[in-house]
Amino acid sequence: VTENRSDLEDLHLYATPREQRFRRFASLEFEGQLYMTPYDFIQAVTNDEPKRAKKWRSLSKQELNQILMETPPVWKGSSKLFRNLNEKGVISYTEYLFLLCILTKPHAGFRIAFNMFDTDGNEMVDKKEFLVLQEIFRKKNEKRERKGDEEKRAMLRLQLYGYHTSTNSVLKTEGEDVVPRSYWDTLRRSTSQALFSDLAERADDMSSSLSDTTLLVHFFGKKGKAELNFEDFYRFMDNLQTEVLEIEFLSYSNGMNTISEEDFAHILLRYTNVENTSTYLENMRCRIPEEKGITFDEFRSFFQFLNNLEDFTIAMQMYNFASRSIGQDEFKRAVYVATGVKLSPHLVNTVFKIFDVDRDDQLSYKEFIGIMKDRLNRGFRGYKPIQRYTTFKSCVRKELYSR
């Protein structure tokens, strides 16, 4: 890998934003294909840049086998799985896309996602069906790839997927495909039996030619013969969402049970395209003079709500059609009706104080939803780092509690 460093760096010019981010954070290489460790993945979704200089370390077959031998089965999963695995794991590019989708999937949609895997309807998912899902993700990504030097693109595909891929997509080309779709939307539209039978042949080829990964062993065992049931699938998705949120929360809480309202505002705005964040932060400082703090349960409930943002948008449009203003009570009711999530009065008040810039105690839901869509995508649309400023009061409080 190091011998061709200049050639490989040049491939960045031909990569999509998702591919660029994966290449920037990946730290392992095996037989020409790049992989993330669980640590790399956590860094990629919680930081703007890697904490260390990028250096792809080549794994031997023996090292990879040892890593996979130490992978725990799915029933031993927990909300600390990725932190416990740390550097002892390998995650492919298509699995990276899959894991990113999980972070924005509402809990109510987990069953739908599972049923999309389950092509034969036996309420269990096997390794082959999982590889079909990965193949759909790959096809979706290819459809949006940039035009350029075909040789460079072929090199990039080899590096990301471990094999040469055809530029002819299996997915049907429709006029509406010019509109960007989410991966879950593509999956939902691509699960006809004819398509699955076509992709299943490809999955057979993939299973015989590609190396196992940590996720494949975690889900389907070291021999690849186990099947994944819904309860274990649900637990894995829920644990991953919780783990990433815990990491973000702990990075601000400094060991305390709460984060400040200002820190909460920073977290909400950090992945967005908001230019003048100081306006929101100053507005909140003036309107919440007494710091109460946001607990992890409140923090987690808010992001569960964000994963249901589309349903909430529909509820907000109903208020708009009725020409009703959106105060805190209306906001809280719409969140519960649309998503089933109950937000605490303090959390709702904090959100209003952040986003109610004109200070009329009403929420401009279009602006709020636009900003939250950016946040929900966690770097898919680019990352704009936001400098952290901690209030003097917050510093003193944390100092007192640390004594």
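Provided above is the structure to which this section pertains.
Residues numbered from 1 in each chain as written. Predicted model: local features only at pLDDT ≥ 70, side-chain atom pairs only at ≥ 80, totals over all residues. Heavy atoms only, no water.

(A) The arrangement of the overall build of the protein chain in detail. When helices and strands are tallied, the protein chain shows 21 helices and seven strands. The proportion of buried residues among the 403 residues of the protein chain is 54%. Long-range contacts, defined as pairs at least 24 residues apart, comprise 77% of the intrachain contacts of the protein chain with a sequence gap of at least 6. Entry remark: accessible area of the protein chain is about 19100 Å², with carbon and sulfur atoms responsible for 49%. (Helix = DSSP H or I, 4+ residues; strand = E, 2+ residues; numbered from the N terminus. Buried < 20%, exposed > 50% of the residue type's maximum accessible area, 1.4 Å probe, protein only. Contact = heavy atoms within 4.5 Å. Areas by Shrake-Rupley, 256 points an atom, 1.4 Å probe, with all protein chains shown as cover.)

(B) Structural view of the environment of Thr 119. Examined against the element boundaries, Thr 119 turns out to sit in the loop between α7 (110-117) and β4 (124-125). Residues Thr 119 and Val 132 lie 13 residues apart in sequence; the distance between their C-alpha atoms is 9.3 Å.

(C) Structural context of the nonpolar core. Judged by nonpolar contacts, the single largest core of 48 residues is most densely connected at Phe 41, Phe 98, Leu 99 and Phe 236. Ranked by the residues each element gives to this core, the list is headed by helix α6 (residues 93-103), at eight residues. Apart from the residues within four sequence positions on either side, Phe 236 is in contact with Leu 81, Phe 82, Phe 98, Leu 99, Ile 102, Leu 215, His 218 and Phe 219. (Core = buried A, V, L, I, M, F, W, Y, C linked by side-chain atoms within 4.5 Å.)

(D) Local environment of the sheet that holds strand β2 (residues 33-35). Read from one edge to the other, the open sheet built from three strands follows the order β2-β1-β3, with strand pairing classed as mixed. Of all strands in the sheet, those bounded by a partner on one side alone are β2 and β3 (57-58). For strand β1 (residues 28-30) and β3, the ladder comprises two bridges, and the chain directions are parallel. Within β3, the position partnered with Glu 29 by the bridge is Ser 58. (Pairing = 2+ DSSP bridges.)

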